[in-house]
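Each chain, written out:
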Amino acid sequence: MKVVVKAYATIREAIDEYGRIMIELSDHATVKDLLDTLSRRFGERFNREVLETDGTLKKTVKVFVNGRDIEFINGLSTELDEGDEVVLIPPVAGG
Amino acid sequence: MRELERYDRQIRIMDLGVDGQLKLKDSRVLVVGVGGLGGVAAMYLAATGVGFIRIVDSGVLELNNLNRQIPYSEKDIGRLKVEAAAERLTSLNSDIVIEPIPQMITSENIDALLKDVDLVVDGLDNFEARLLVNDKCVELGIPFIHGAVYSFEGRLMTIIPGKTPCLRCLVPSPPLSHDIIPVIGPVPGVIGCLEALEAVKIITEMGKPFTDKILVFDGLSLEFTSIPISRSPNCPICSKYYLRQLE
């Protein structure tokens, strides 16, 4: 199945100039599987922006699936479906 | 008469009128940080007729500020920003009071800086200070309008204590920050304007504050995306004050 990943700010810079890419995943893949796939594909720069050193998701990075915060679904175990839109948002600090 | 003439075009707005203008005149706003965001927000708050604006910033103007910090001119380089901003705001509107405070906001002075203000506008450039302001605003029940920028992106979220998620629900602790944050000039202009607009709406009780969601402005596609934010059950700040409210 394919899902759309939309990323902002420093995560956008780590994955793609326009911040929107299509990712192929196996059926019943979870958000964790998606992050693992992105980590393999985009390497150190993606990891630095999204993951803690122990590989867990940074507390400051918000992940939304079809507009819903995964914290209020099933966290990293949230299952994805064909066509889902996953949004990755880090905080930005400039003023 | 002079003020009726000055604000004529907005007094004509249905539902705002002289009553709304008087609410603006009686209001007291703290703009914390007068850089790209806060400088623009303060200009519009002054132009719109907010009667008292306290501006807080310890910074001195540098040449690399001038791509986005439009209250200032080249002649202001080397001056305290609050001093130059106060002059600019007073020259824009001498019917209002500007209180410049050349300090960095800290846990020691925050109570004094928030004293007697109706709302706070975020013009800061780091999350340590933003979370300090967020936490104190939630504690004291003062609305806080958060704005931030990065590169071609902007963010905005309004926090009404006791009613909406707070900034710490979204960002539990200060993230590691880049030393120098890249910003294209017009983006803090967009977000600073929207912060001033949110302040005007709250003061005049018009429209609906932008709460329970974060606005993500993407200047490259010129898209405004609104992402719903819920109160985090683990938020150490607003859970404490919501509980107090329920008692």
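Everything that follows concerns the structure shown earlier in this document.
Let me begin by describing the structure that accompanies this report. This one's a predicted model, so the numbers in the text were calculated from it and none came from an experiment. (Residues numbered from 1 in each chain as written. Chains lettered and ligands numbered in written order. Predicted model: local features only at pLDDT ≥ 70, side-chain atom pairs only at ≥ 80, totals over all residues.)

**Observations regarding the overall build of chain A**
Alright, step 1. Counting secondary structure elements, chain A contains two helices and five strands.
Alright, step 2. Across chain A, helices and strands are ordered from the amino to the carboxyl terminus as β-α-β-α-β-β-β.
Alright, step 3. For chain A, the C-alpha radius of gyration of 12 Å lies close to 12 Å, the compact-globule estimate for 95 residues.
Alright, step 4. With respect to the three principal axes, the spread of C-alpha positions in chain A is 40 × 25 × 25 Å.
Alright, step 5. By residue count, 39% of the 95 residues in chain A fall in the buried class.
Alright, step 6. The contacts of chain A with a sequence gap of at least 6 include a subset with a gap of at least 24, amounting to 55%. (Helix = DSSP H or I, 4+ residues; strand = E, 2+ residues; numbered from the N terminus. Rg over C-alpha atoms; globule rule 2.2 N^0.38 Å. Buried ≥ 20, exposed ≤ 12 C-beta atoms within 10 Å, placed from the backbone. Contact = placed C-beta atoms within 7 Å.)

**Some words on the interface of chain A and chain B**
Alright, step 1. At the junction of the two partners, chain A supplies 16 residues and chain B supplies 29 residues.
Alright, step 2. Contributions of two or more residues to the side of chain A that touches chain B are made by strand 3 (62–65) and strand 5 (85–89) of chain A.
Alright, step 3. Each residue belonging to the side of chain A that touches chain B can be placed in one class, and the counts come to nine nonpolar, four polar and three charged. (Nonpolar A, V, L, I, M, F, W, Y, C, P; charged D, E, K, R; others polar.)

**Quick notes on the environment of G51(B)**
Residues and elements named next belong to chain B.
Alright, step 1. Mapped onto the elements, G51 comes out in the loop between helix 4 (36–48) and strand 2 (52–56).
Alright, step 2. G51 sits in the partly exposed class, given 18 other C-beta atoms within 10 Å.
Alright, step 3. G51 sits 22 residues away from V29 along the chain, and the two C-alpha atoms are 8.4 Å apart.
Alright, step 4. Non-local contacts of G51, meaning those with residues more than four positions away in its chain, are made with L24, K25, D26, S27, I96 and V97.

**Some details on the environment of L37(B)**
Alright, step 1. Locating L37(B) in the fold gives a position in helix 4.
Alright, step 2. The buried category is assigned to L37(B), around which 38 C-beta atoms lie within 10 Å.
Alright, step 3. Taking the C-alpha atoms as reference points, L37(B) and P188(B), separated by 151 residues in sequence, lie 4.9 Å from one another.
Alright, step 4. The residues contacting L37(B), other than those within four sequence positions of it, are G95(A), D122(B), G123(B), G147(B), V149(B), P188(B), I191(B), G192(B) and E195(B).

**Some words on the sheet that holds strand 1 (residues 2–7) of chain A**
Residues and elements named next belong to chain A.
Alright, step 1. The sheet built from five strands is open, its strands ordered 2-1-5-3-4 with mixed pairing. This sheet does not close on itself; its edge strands, each paired only once, are strand 2 (20–24) and strand 4 (68–69).
Alright, step 2. Both strand 1 and strand 5 contribute to a ladder of four bridges, which runs parallel. Bridging across to strand 5, A7 finds its partner in L88. (Pairing = 2+ DSSP bridges.)

**Description of the pairing of strand 2 of chain B**
All names here are of chain B.
Alright, step 1. Buried residues dominate strand 2, accounting for four of its five residues.
Alright, step 2. Note that strand 1 (residues 28–32) and strand 2 share five bridges and pair parallel. Opposite V29, over in strand 2, you have I53 as the bridge partner.
Alright, step 3. Viewed along the sheet, the connection from strand 1 through helix 4 into strand 2 turns out right-handed.
Alright, step 4. The sheet contact formed by strand 2 and strand 3 (residues 97–101) spans five bridges and is parallel. Within strand 3, the residue paired with R54 across the bridge is E99.
Alright, step 5. Between the parallel elements strand 2 and strand 3, the chain passes through helix 5 (residues 81–92) in a crossover that is right-handed. (Right-handed = clockwise from strand over helix to strand, strands pointing away.)

**A short note on the packing of helix 3 (residues 17–25) of chain B against helix 9 (residues 186–204) of chain B**
Residues and elements named next belong to chain B.
Alright, step 1. In contact at an axis separation of 9 Å, helix 3 and helix 9 are set at 110° when each is read in the N-to-C sense. Judged by the inter-axis angle, helix 3 sits roughly perpendicular to helix 9. As helix 3 packs across helix 9, the resulting crossing turns out to be right-handed. Listed contacts from helix 9 to G20, K23 and L24 of helix 3 are V200, I203 and T204.
Alright, step 2. Grouping the amino acids of the contact of helix 3 with helix 9 by side-chain chemistry returns three nonpolar, two polar and one charged. (Axes fitted to C-alpha atoms, helices over the stretch in contact; angles between N-to-C directions. Parallel < 35°, antiparallel > 145°, perpendicular 65-115°, else oblique. Left-handed = near helix turned anticlockwise from the far one by under 90°.)

Nothing here speaks to function; it is all geometry.
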